[in-house]
Amino acid sequence: MKLPIDLQFLRRPFERRTPPGSAPGTATKPEEETTSHMTVAAFGPEEYVEAEIDDPDDIREYLGNYDVTWIHVHGLGDTSKLRQLANMFDLHPLVYEDILHTHQRAKAEEYGDYSFLVVRMVEMVPRLDTRQLCLVVGENYVITIEEAGLDDLLDPIRVRLRKSVGRIRQMGPDYLSYALMDSVIDHYFPVVETFGDRLDEIDDPLAAGYTNDLIPEIQKISSDLLTIRRNLLPHKEAIRNLMSTNFTRYTANTIVFLRDADDHISQLLDAIDTYRQICSDLRDFHFALTSQRANEVTKTLTIIATVFIPLSFIAGVYGMNFENMPWINWKYGYIYCWGLMIAVGVAFLGWFYARGWFKG
């Protein structure tokens, strides 16, 4: 059941599709996934070819003929193609399961002939959402399998390959996998900055007292930032695993750039923590304003009640129907009673003013 838009921040981080106790490697076709669209890009320092393919067997003509072959699959709906691709590269059943089950956290694992990586992509379409990208890094190839989505976060890498920008066509598959991960991580920056802009827009109306719709918005921002942090943080562990001695496929030249990606994650995590602290401060500010306004209302009512209590007492005493009461038949009794009540009221107001009750 789809949640209302104002309750989207309560959504679960993931949903397993395999029942508890299923055998390891049990793969289930993802729901609502589009048909798999497959492309291949093969390149070397002086050459680059790019093509769309329908049959995974067509990949064989590129493998070994170029320094690096990048096979990209968008969408997980065509499991027959994915299974054929997994058999071609002899992928472990656990790898195939992780590819189809899109609730994986970011990680890096070594499987002998290849390395398997999972990264989480983030996008605003129009609300916050995350997608899974799996990478298989072999000796002369990189396979990327992407959960279907609207934005193509890997297109900047294709542009760099076509135009031979930087060193990407001179490096191996390990550097290509780094470039893909770095592109995914860099796309977190504009998303996180969007939340910073929204917090800036909330600050002034909140200070002006327009808080009816702002507190749910602040809570939504805080929850989305937590979602981003939960998806981003495991990348740090994955990248540091790639820099360890267990992953011999990653050369010293690429490890230097992995350190830069690790630094980008630290910057993002610092920004997210700062914005979440701002959310907390804005909530505290709202509660302080609410408490202050309640105190002002209470103070006003207290002043009114305190002034009228002695006046009500005087009016009550002289409103009793006893025959023998002092000044009951006095000619100036009515005027005297009014004068007494006004004097008492002014005296109380003067006393409150002297104590600073009327100051803001």
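Per chain, residues are indexed from 1 in the order of the written sequence. With the structure being a predicted model, the display of local features is reserved for residues of pLDDT at least 70 and the display and counting of side-chain atom pairs for 80 or more, all residues being used for whole-chain, interface and lining totals. To get the side-chain values, take all heavy atoms of the structure and skip hydrogens and water.

Take the overall build of the protein chain next. Per the secondary structure count, the protein chain includes eight helices and seven strands. Burial classes: relative accessible area under 20% of the type maximum marks a residue as buried, over 50% as exposed, and values in between as partly exposed (1.4 Å probe, protein chains only). Residues classed as buried in the protein chain amount to 43% of the 360 residues present. Here a residue-residue contact requires only that any non-hydrogen atoms of the pair lie within 4.5 Å. Considering only contacts in the protein chain between residues 6 or more positions apart, those separated by 24 or more positions represent 66%. Here, Shrake-Rupley sampling with a 1.4 Å probe gives the accessible areas, and only protein chains in the shown set may cover a residue. For the protein chain, the exposed area adds up to about 19,700 Å²; of that, 54% sits on carbon and sulfur atoms. In this description a helix means any DSSP run of H or I spanning at least four residues, a strand means any run of E spanning at least two, and both kinds are numbered starting from the N terminus.

Known as pLDDT, the predictor's confidence for each residue is given on a scale from 0 to 100. Per-chain confidence: the protein chain averages 84 in pLDDT, with 88% of residues scoring 70 or above. Confidence drops under a pLDDT of 50 for residues 1-12, and excluding neighbours within four residues, the segment shows twelve contacts in the predicted structure.

For the rest of this paragraph, the subject is the environment of L91. Mapped onto the elements, L91 comes out in the loop between α1 (79-88) and α2 (93-100). Not counting residues within four places of it along the chain, the set of residues in contact with L91 comprises A86, I99, Y114 and V136.

Moving on, we come to the sheet that holds strand β1 (residues 37-43). By the convention used here, strands pair only if DSSP detects at least 2 bridges between them. Strand order in this open sheet of seven strands is β2-β1-β3-β7-β6-β5-β4, and the pairing throughout is mixed. Two strands lie at the open edges of the sheet, namely β2 (48-53) and β4 (107-110), each paired on one side alone. Strand-to-strand twist across the sheet, computed as the mean angle between neighbouring axes with direction ignored, equals 15 degrees. One ladder, built from four bridges, connects β4 with strand β5 (residues 115-124); its direction is antiparallel. Considered in β5, the bridge of E110 is made with S115. Lines fitted to C-alpha atoms define the axes, with helix axes restricted to the stretch in contact, and inter-axis angles between N-to-C directions lie between 0 and 180 degrees.

Cavity: a set of points on a 1 Å grid over the protein atoms alone where a 1.4 Å probe fits but cannot get out. Pocket: an open set with protein on both sides within 12 Å along at least five of seven lines, its lining residues, like those of a cavity, having an atom within 4 Å of a point. Grid points are joined across faces, edges and corners, and a volume is the space filled by probe spheres set on the points. Here the second largest pocket defines a volume of roughly 240 Å³. Lining the second largest pocket are Y318, W327, I328, W330, G333, Y334, Y336, C337, W338, L340 and M341. Three categories are distinguished: nonpolar for Ala, Val, Leu, Ile, Met, Phe, Trp, Tyr, Cys and Pro, charged for Asp, Glu, Lys and Arg, and polar for the others, with Gly belonging to the last. A breakdown of the residues in the lining of the second largest pocket according to their chemical character gives ten nonpolar, one polar and no charged.

This next bit is on the pattern of salt bridges. Salt bridges, as used here, are contacts in which a Lys or Arg side-chain nitrogen is within 4 Å of a carboxyl oxygen on Asp or Glu. For the structure shown, the criterion picks out 13 salt bridges. Notably, a salt bridge pairs R131 with E123, separated by 2.9 Å at the nearest N-O pair. R131 sits in the buried class, given a relative accessible area of 2%. Taking relative accessible area as the criterion, E123 reaches 4% and is therefore assigned buried. Across the salt bridge formed by R198 and E217, the nearest N and O atoms sit 2.6 Å from each other. Here R198, found in helix α5 (residues 188-208), pairs with E217, found in helix α6 (residues 214-242); they are 19 residues apart in sequence, far enough to count as distant. Residues joined by salt bridges that share partners form a network here, namely D98, K107 and E109.

Counted according to the given criterion, the structure contains one cavity of 30 Å³ or more. Its boundaries defined by the atoms lining it, the largest cavity holds a volume of some 40 Å³. Lining the largest cavity are T39, V40, A41, E50, W70, H72 and R158. Only β1 and β3 (68-74) provide two or more residues apiece to the lining of the largest cavity. Broken down by element, the lining of the largest cavity gets its largest block of residues, three residues, from β1.

Attention now goes to the nonpolar core. Throughout this description, the term nonpolar core refers to a set of buried Ala, Val, Leu, Ile, Met, Phe, Trp, Tyr and Cys residues connected via side-chain atoms within 4.5 Å. W70, L176 and I228 are the most contacted members of the largest nonpolar core, which has 56 residues in total. M38, I71, V95 and Y114 belong to the second-largest nonpolar core, a separate cluster that totals 28 residues.

This next bit is on the UniProt feature "transmembrane region" (unreviewed entry) in the protein chain. UniProt positions are given in the numbering used here, feature names are shortened, and annotations may be inferred rather than shown by experiment. Under the UniProt annotation, "transmembrane region" (unreviewed entry) lies at residues 301-320 and 332-354. Taken end to end, residues 301-320 is 85% helix and 0% strand, and its first and last C-alpha atoms sit 28 Å apart. Secondary structure across residues 332-354 divides into 96% helix and 0% strand, with the first and last C-alpha atoms of the span separated by 32 Å.

Phi at D90 is positive, roughly 55 degrees, even though this residue is not glycine. With respect to the helices, strands and loops of the structure, D90 is situated in the loop between α1 and α2. Located in the positive-phi region is S164, a residue other than glycine, with phi close to 55 degrees. On the secondary structure map, S164 appears in the loop between α3 (155-163) and α4 (173-186).

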